[in-house]
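Architecture at a glance
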Amino acid sequence: MMVDRPALQLDAVGLQIGGARILHDVTMQVGTGEMVGVIGPNGAGKTTLFNIISGVMIPTSGTVRLAGDDVTGHKVHQRARVGLGRTFQTSSVFAGLTAGENVRLAAQSKLGGATSPWRFPRQGDDAAQVADRCLQEVGLAHHTDTAAGVLSHGDKRKLEIAMLIATEPEVVLLDEPMAGVGSGDVAGLVEVIRRLHASGRTVLMVEHHMEVLLGLVDRVAVMHHGELLAIDTPKAVMANPQVQKAYLGETV
Ligand SMILES: Nc1ncnc2c1ncn2[C@@H]1O[C@H](COP(=O)(O)OP(=O)(O)OP(=O)(O)O)[C@@H](O)[C@H]1O
Ligand SMILES: [Mg+2]
């Protein structure tokens, strides 16, 4: 699974805010096409790690590389252009727009609309076509004209993934994609995430639903107090005594 130039490489990444050490010495590599789950207790630094990978936050030490290129100081839109996409821990769809309109807006940002006037849309691939394809990929084609606000939580999460796919990312970060999703919707959403990965994309996913996560990922990264405690196969991570202690709330 690992290749010479990993899709994502973090070297000794740290984040200090005021006196607080939010992240410390995080080093990890994620291979192209690999799927890595990120777990850890609340406040462990999982979302902060995603913020640093996506450029929402700049680390105070260490480097972030995408496909070998140092992007440590690069802004969010620069990283999006080299293939990084993410969803957020809280839902981020426009409730008043239809599902189709939400995805068209996302596609437009990639194809070249108001947000990137220097780019020309590719021939024969307009935002509406991209939106249709993306909604189909997540199984929401029948909801194209439904207002996003009335979709179930599970379908909203699928819509966010459709919006993500519309930007054609190679590396995707999913922050708690199952959060708030009813149990009846979980299996469908898991299938969408499985396909997202099966189509060759590199995926990092924070998820508290352990049985869902362990069944999906190649490896698991365990965060604890801002440090990377372990990164290994699901089986090895679950057998790791340090990880067991972290989850029992003992000091390690
Ligand atoms: N901008 C900030 N300024 C100060 N502290 C911050 C900032 N962002 C995050 N933190 C702190 O960093 C720590 C890690 O937060 P983070 O949101 O990354 O945790 P998490 O692992 O995603 O938790 P959860 O499982 O609850 O989503 C927390 O103690 C949080 O309060
Ligand atoms: Mg979080």
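The name an unreviewed UniProt entry assigns to the chain is ABC transporter domain-containing protein, from the organism Agrococcus pavilionensis RW1.

On to the pattern of salt bridges, then. Side-chain pairs of opposite charge can arise where the charged atoms are in close proximity. Taken as a whole, this structure holds six salt bridges when the rule is applied. Across the pair R201 and E137 runs a salt bridge whose closest N-O atoms are separated by 3.4 Å. Highlighted residues: R201 in the loop between α6 (183-198) and β8 (202-206) and E137 in helix α4 (residues 127-137), separated in sequence by 64 residues.

Time to look at the sheet that holds strand β4 (residues 61-66). The four strands lie next to each other as β2-β1-β4-β5, forming an open sheet whose pairing is antiparallel. In this open sheet, the two edge strands, each paired with only one partner strand, are β2 (20-30) and β5 (69-70).

Across the interface, α4 lies against helix α5 (residues 153-165) with an axial gap of 9 Å and an inter-helix angle of 135°. By the angle between their directions, the pair α4 and α5 is classed as oblique. Judged by the twist between their axes, the crossing of α4 over α5 is right-handed. Each of C134, L135 and E137 in α4 lies in contact with α5, whose residues at this interface are L159, A162 and I165. Taken together, the residues of the contact of α4 with α5 break down into five nonpolar, no polar and one charged.

With 46 residues, the main nonpolar core has V103, L159, I161, I193, L216 and V222 as its most contacted residues. Sequence-distant contacts of V222, that is, excluding residues within four places in its chain, are made with I39, E227, L228, L229, A230, V237, V243 and Y247.

What counts, and at which threshold
- Residues numbered from 1 in each chain as written.
- Chains lettered and ligands numbered in written order.
- Predicted model: local features only at pLDDT ≥ 70, side-chain atom pairs only at ≥ 80, totals over all residues.
- Heavy atoms only, no water.
- Salt bridge = Lys/Arg side-chain N within 4 Å of Asp/Glu carboxyl O.
- Helix = DSSP H or I, 4+ residues; strand = E, 2+ residues; numbered from the N terminus.
- Pairing = 2+ DSSP bridges.
- Axes fitted to C-alpha atoms, helices over the stretch in contact; angles between N-to-C directions.
- Parallel < 35°, antiparallel > 145°, perpendicular 65-115°, else oblique.
- Left-handed = near helix turned anticlockwise from the far one by under 90°.
- Contact = heavy atoms within 4.5 Å.
- Nonpolar A, V, L, I, M, F, W, Y, C, P; charged D, E, K, R; others polar.
- Core = buried A, V, L, I, M, F, W, Y, C linked by side-chain atoms within 4.5 Å.
- Buried < 20%, exposed > 50% of the residue type's maximum accessible area, 1.4 Å probe, protein only.

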